[in-house]
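Letter by letter, the chains look like this.
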Amino acid sequence: SVHCHSNYATTAKPKEPFFFTYHSVMSLLKPQSQTNITVELQYQGLVGLVLFSIMTTVPCCVFLFINGTMLFTLRSKPVFRETSRYILLYNLLFADTVHLAQSQLLYLIAACRIRLIYPVCGILVMLSNVTIEISPLTLVVMSLERYVAVCYPLRHATIITIKNTEVAIIVVWAFSSLSVLTRVLLLLNFPFAELENLQMKDFCGKESMLLDPMSDLYDRAYTYFLFASAGVTVTCSYIGVMVAARSASTDKASAKKARNTLLLHLVQLGLSLSSTIHNPFLIAISKVLDRIIIVRIQIILYVCIIIFPRCLSALIYGIRDQTIRPVLMYHLCSFLLWPLIST
């Protein structure tokens, strides 16, 4: 799942024709000319690094600010702390925010051409795996909660309690942690003792930690199972709400709102799934396109399917939910205007 960061260097690496052309020209030039070209290429590389970092870090910081404000909002009033769907939303948003920050960190590490040691990279990647798996699992629980609210309104208060919600969140985190523990156990099969040192030869990322065929097979199988199960559950919940909406005893407005929410959950699942094909897609196009075009495509894809989906929950609920919206807008304005007021 993100994960994309180890391929930054792969996609941004000059193709072989450019490599040979550069050295052929350098061998024919005078020393002074060689120095001038080297300095110019280093300058262009530095400018490119700064531009790429700004183009990803700025939207990332904006979304982190929005997510952080939303998290603060969801803990600011008792109604948010004592309502199951808001507790689930907080869990989803917390995982997305941690994953967003960690993804940007790995992206910048790769952009700066920094190679980590295996233990440090392993911890970062495993944290990424936990948080990215929390999102679809929490969306499943949120979809089931909406299904119960519409289809079993009289039993909703007894089924969807605070205690049951907390148990569901614990199960979600335990399931994700168990998956990560399995990945760690598979990594132990790799002969790290035979390496000269623990310094990585590639940049840190999910693919860099798939060190044997078994790890890669497990990662693919688990990802397919996770998203297929989540997709089926959300779709079935949507169909159940659609059927219940035709019943005379069902609140039409509530059913319509729940249906739209479930559709948005399907969109969120789709965006989360698209992040898993980010790296394979970049590897495929790197064989046929120019490196400059690839880097531009990579930035667009990174912002659209890695950064933006992690802020989608805050935008969806912050705009649609009539209870959250005024409180969120108040806190956003307060945080934005606080520097001006304090001076």
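Everything below is about the structure shown above.
Because the structure is a prediction, the values reported are computed rather than measured.

## Examining the overall build of the chain
A tally of regular secondary structure across the chain gives 14 helices and 0 strands. Mapped in sequence order, the helices and strands of the chain form the string α-α-α-α-α-α-α-α-α-α-α-α-α-α. Within the chain, the proportion of its 343 residues that are buried is 43%. Restricting to contacts in the chain with at least 6 residues of sequence separation, those with at least 24 account for 81%. When the accessible surface of the chain is totalled, it reaches about 18000 Å², and 71% of it is carbon and sulfur.

## Regarding the packing of aromatic side chains
Enumeration over the complete set of coordinates arrives at 6 aromatic pairs. Aromatic side chains F72 and F335 sit 5.6 Å apart centroid to centroid with 70° between the ring planes, which places their arrangement in the edge-to-face category. Placement of the pair is F72 in helix 3 (residues 31–74) and F335 in helix 14 (residues 324–342), with a sequence separation of 263 residues. Overall, the relative accessible area of 36% leaves F335 in the partly exposed class. Pairing F80 with Y86 gives two aromatic rings, centres 5.1 Å apart and planes at 90°, and the pair type is edge-to-face. Residue F80 is classed as buried on the basis of its relative accessible area of 1%. An aromatic cluster of three or more residues is present, and its members are F175, Y218 and Y222. Across the ring face of Y90, the terminal group of R75 is positioned such that the distance to the ring centre comes to 5.3 Å.

## Description of helix 8 (residues 162–187)
In this model, helix 8 (26 residues) spans 38 Å end to end at C-alpha, consistent with the 38 Å of a helix rising 1.5 Å per residue. Contacts from the buried residues of helix 8 go to helix 5 (84–111), helix 6 (118–151) and helix 9 (213–245).

## What to know about the pattern of salt bridges
Where side chains of opposite charge bring their charged atoms close, a pairing between them can arise. All told, the structure shown has 5 salt bridges when counted by the stated rule. Residue D321 is joined to R85 by a salt bridge in which the shortest nitrogen-to-oxygen separation is 3.3 Å. Separated by 236 residues along the polypeptide, D321 in the loop between helix 13 (309–320) and helix 14 and R85 in helix 5 bring together distant segments of the chain. For R85, a relative accessible area of 26% corresponds to the partly exposed category. Where E145 meets R146, a salt bridge forms, and the shortest distance between an N and an O atom there is 2.8 Å.

## As for a nonpolar patch on the surface
A contiguous nonpolar patch, built from F65, F72, F335, L336 and L337 and spanning about 460 Å² of accessible area, is present on the exposed surface. Listing elements by their share of the nonpolar patch, those giving two or more residues are helix 3 and helix 14. With 3 residues, the single largest contributor to the nonpolar patch is helix 14.

## Quick notes on the nonpolar core
A general feature of soluble globular proteins is that nonpolar side chains tend to end up buried together. The biggest cluster of nonpolar side chains holds 58 residues, and the ones touching the most others in it are M70, L74 and I324. Mapped onto this core, the elements with two or more residues apiece are helix 3, helix 5, helix 6, helix 8, helix 9, helix 12 (291–307), helix 13 and helix 14. Contact partners of L74, with chain neighbours within four places excluded, come to F80, R81, Y86, L89, Y90, L93 and I324. Core analysis: the second largest hydrophobic core is formed by 7 residues, V150, V241, A255 and L262 among them.

## A look at the packing of helix 5 against helix 6
It is the contact of helix 5 with helix 6, at a shortest axis distance of 9 Å, that shows an interaxial angle of 155°. Taken as axis vectors, helix 5 and helix 6 run roughly antiparallel relative to one another. Both helix 5 and helix 6 take part in a crossing whose hand is left-handed. Partitioned by chemical class, the residues of the contact of helix 5 with helix 6 number 15 nonpolar, 7 polar and 4 charged.

## Some thoughts on the state of the cysteines
Scanning the model with the defined rule gives 1 disulfide in all. In this model C60 remains outside any disulfide bridge; the closest cysteine sulfur is found in C61, 5.7 Å from its own. With a relative accessible area of 2%, C60 lands in the buried category.

## Some details on the environment of Q102
Along the polypeptide, Q102 turns up in helix 5. On the accessibility criterion, Q102 (4% relative accessible area) is buried. The spacing of Q102 and S128 is 26 residues in sequence and 6.8 Å in space, taken between C-alpha atoms. Those residues within four positions of Q102 in sequence are excluded, and the remaining contacts are L124, V125, L127 and S128.

## Structural notes on the side chain of S176
Within the secondary structure, S176 is located in helix 8. Overall, the relative accessible area of 0% leaves S176 in the buried class. The residues contacting S176, other than those within four sequence positions of it, are V130, E133, I134 and L137.

Cut-off values and rules
Residues numbered from 1 in each chain as written. Predicted model: local features only at pLDDT ≥ 70, side-chain atom pairs only at ≥ 80, totals over all residues. Heavy atoms only, no water. Helix = DSSP H or I, 4+ residues; strand = E, 2+ residues; numbered from the N terminus. Buried < 20%, exposed > 50% of the residue type's maximum accessible area, 1.4 Å probe, protein only. Contact = heavy atoms within 4.5 Å. Areas by Shrake-Rupley, 256 points an atom, 1.4 Å probe, with all protein chains shown as cover. Phe/Tyr/Trp six-rings, centres within 6.5 Å; stacked < 30°, edge-to-face > 60°. Lys NZ or Arg CZ within 6 Å of the ring centre and 35° of its normal. Expected span 1.5 Å × (residues − 1). Salt bridge = Lys/Arg side-chain N within 4 Å of Asp/Glu carboxyl O. Patch = residues over 30% accessible without salt bridge, like charges linked within 9 Å, V, L, I, M, F, W, Y side chains within 5 Å. Core = buried A, V, L, I, M, F, W, Y, C linked by side-chain atoms within 4.5 Å. Axes fitted to C-alpha atoms, helices over the stretch in contact; angles between N-to-C directions. Parallel < 35°, antiparallel > 145°, perpendicular 65-115°, else oblique. Left-handed = near helix turned anticlockwise from the far one by under 90°. Nonpolar A, V, L, I, M, F, W, Y, C, P; charged D, E, K, R; others polar. Disulfide = S-S within 2.5 Å.

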